[in-house]
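Summary of the model geometry
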Amino acid sequence: YKRSDPNYSYTEYKLDTCKGMNFYLSTDGYLDQSGGQKGFPFGKRRFKEIINSYHIDSMADQQEIFLYEMADYEGNEERNDDITVMGFKI
């Protein structure tokens, strides 16, 4: 971003991982998409519920679930941002 501090100091973290761990990355577009009965954003709580409910399913099945859940929630609301979710398993 143009207004970002060019001297920003990033912090490096190391995570202990083990076989079978899943990781999920998302743009804010998935969380911020309006929908539902009241037109509210999808939100972190719903996002976490999807992960908690389906993390043992295959990544291909999870992809379909994420797509279905967003389409169902979004309904007739206009898409207001790009939406990207990436998941991977160690």
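Each remark here, short or long, concerns the structure printed above.
Along each chain, the written sequence defines residue order, and numbers are assigned to residues from 1. In view of the model being predicted, local features appear only for residues whose pLDDT reaches at least 70, and side-chain atom pairs are presented and counted only at 80 or more, with totals across whole chains, interfaces and linings using the full set of residues. The basis for every side-chain value is the complete set of heavy atoms in the structure, and neither hydrogens nor water enter the calculation.

All right, on to the overall build of the chain then. Helix and strand content of the chain: 3 helices and 4 strands. With C-alpha atoms as the basis for the radius of gyration, the globule rule is written as 2.2 Å multiplied by the number of residues raised to the power 0.38. Relative to a compact globule of 90 residues, whose C-alpha radius of gyration would be 12 Å, the chain shows 16 Å and is clearly more extended. Considered along the principal axes of its C-alpha atoms, the chain spans approximately 40 × 40 × 20 Å. Looking at the 90 residues of the chain, the share that counts as buried comes to 22%. By the convention used here, residues are in contact when the closest approach between their heavy atoms is within 4.5 Å. Within the chain, counting contacts between residues at least 6 apart in sequence, those at least 24 apart form 70% of the total. Total accessible area computed for the chain in this model is approximately 7,600 Å², and 50% of it derives from carbon and sulfur atoms. For the purposes of this entry, the term helix denotes a DSSP run of H or I that reaches at least four residues, the term strand denotes a run of E that reaches at least two, and both are numbered from the N terminus. Any residue under 20% of the maximum accessible area for its type is buried, any over 50% is exposed, and the rest in between are partly exposed; the area is computed with a 1.4 Å probe on protein chains only. Where accessible areas are quoted, they stem from the Shrake-Rupley method and a 1.4 Å probe; at the residue level, only the protein chains shown are allowed to cover.

Looking now at the nonpolar core. Nonpolar core, defined: a set of buried Ala, Val, Leu, Ile, Met, Phe, Trp, Tyr and Cys residues in which side-chain atoms within 4.5 Å join the residues together. With 11 residues, the main nonpolar core is built from Tyr-24, Tyr-30, Leu-31, Phe-42, Phe-47, Ile-50, Ile-51, Ile-65, Phe-66, Met-70 and Tyr-73. Not counting the four nearest positions on each side in its chain, Tyr-24 is found in contact with Ile-51, His-55, Met-59, Gln-62, Phe-66, Met-86 and Gly-87.

A separate point is a nonpolar patch on the surface. Put simply, a patch holds well-exposed residues, over 30% relative accessible area, that have no salt bridge, with like charges counted together within 9 Å and Val, Leu, Ile, Met, Phe, Trp or Tyr side chains within 5 Å. For this document, the term salt bridge refers to a Lys or Arg side-chain nitrogen within 4 Å of an Asp or Glu carboxyl oxygen. Taken together, the side chains of Leu-25, Met-86, Phe-88 and Ile-90 define a hydrophobic patch exposed on the protein surface, amounting to about 360 Å² of accessible area. Relative to the helices and strands, Phe-88 resides in strand β4 (residues 85-89).

Turning our attention to the packing of aromatic side chains. Between 30 and 60 degrees the pair is tilted, below 30 it is stacked and above 60 it is edge-to-face, where a pair is any two Phe, Tyr or Trp rings, Trp via its six-membered ring, whose centres lie within 6.5 Å. Summed over all chains, the structure comprises 8 aromatic pairs. Residues Phe-42 and Tyr-73 carry aromatic rings whose centres are separated by 5.1 Å and whose planes lie at 90 degrees to one another, so their mutual orientation is edge-to-face. Taken together, the positions of Phe-42 in the loop between β3 (40-41) and α2 (43-54) and Tyr-73 in helix α3 (residues 59-74) put the pair 31 residues apart, joining distant regions of the chain. Taking relative accessible area as the criterion, Phe-42 reaches 3% and is therefore assigned buried. Ring geometry for Phe-47 against Phe-66: centres 5.6 Å apart, planes inclined by 45 degrees, an arrangement best described as tilted. Here Phe-47, found in helix α2, pairs with Phe-66, found in helix α3; they are 19 residues apart in sequence, far enough to count as distant.

What follows deals with α3. Helix span is expected to be 1.5 Å times the residue number reduced by one. The terminal C-alpha atoms of α3, which comprises 16 residues, lie 22 Å apart, in line with the 22 Å expected from a rise of 1.5 Å per residue. Residues Gln-62, Ile-65, Phe-66, Met-70, Tyr-73 and Glu-74 constitute the buried set of α3. Seen from one end, α3 has its buried residues packed into an arc of 150 degrees, which puts them on one side. Facing away from the buried side of α3 by over 90 degrees, the exposed positions are Leu-67, Tyr-68 and Asp-72. Buried residues in α3 make contact with β1 (22-26), α1 (28-32), β2 (34-35), β3, α2 and β4. Gly-75 sits one or two residues past α3 and shows a positive phi near 55 degrees. This arc describes the spread of directions from the helix axis toward the C-beta atoms.

Examined against the element boundaries, Ile-83 turns out to sit in the loop between α3 and β4. Using a relative accessible area of 24% as the deciding quantity, one classes Ile-83 as partly exposed. Sequence separation between Ile-83 and Pro-6 is 77 residues, and the spatial gap between their C-alpha atoms is 27 Å.

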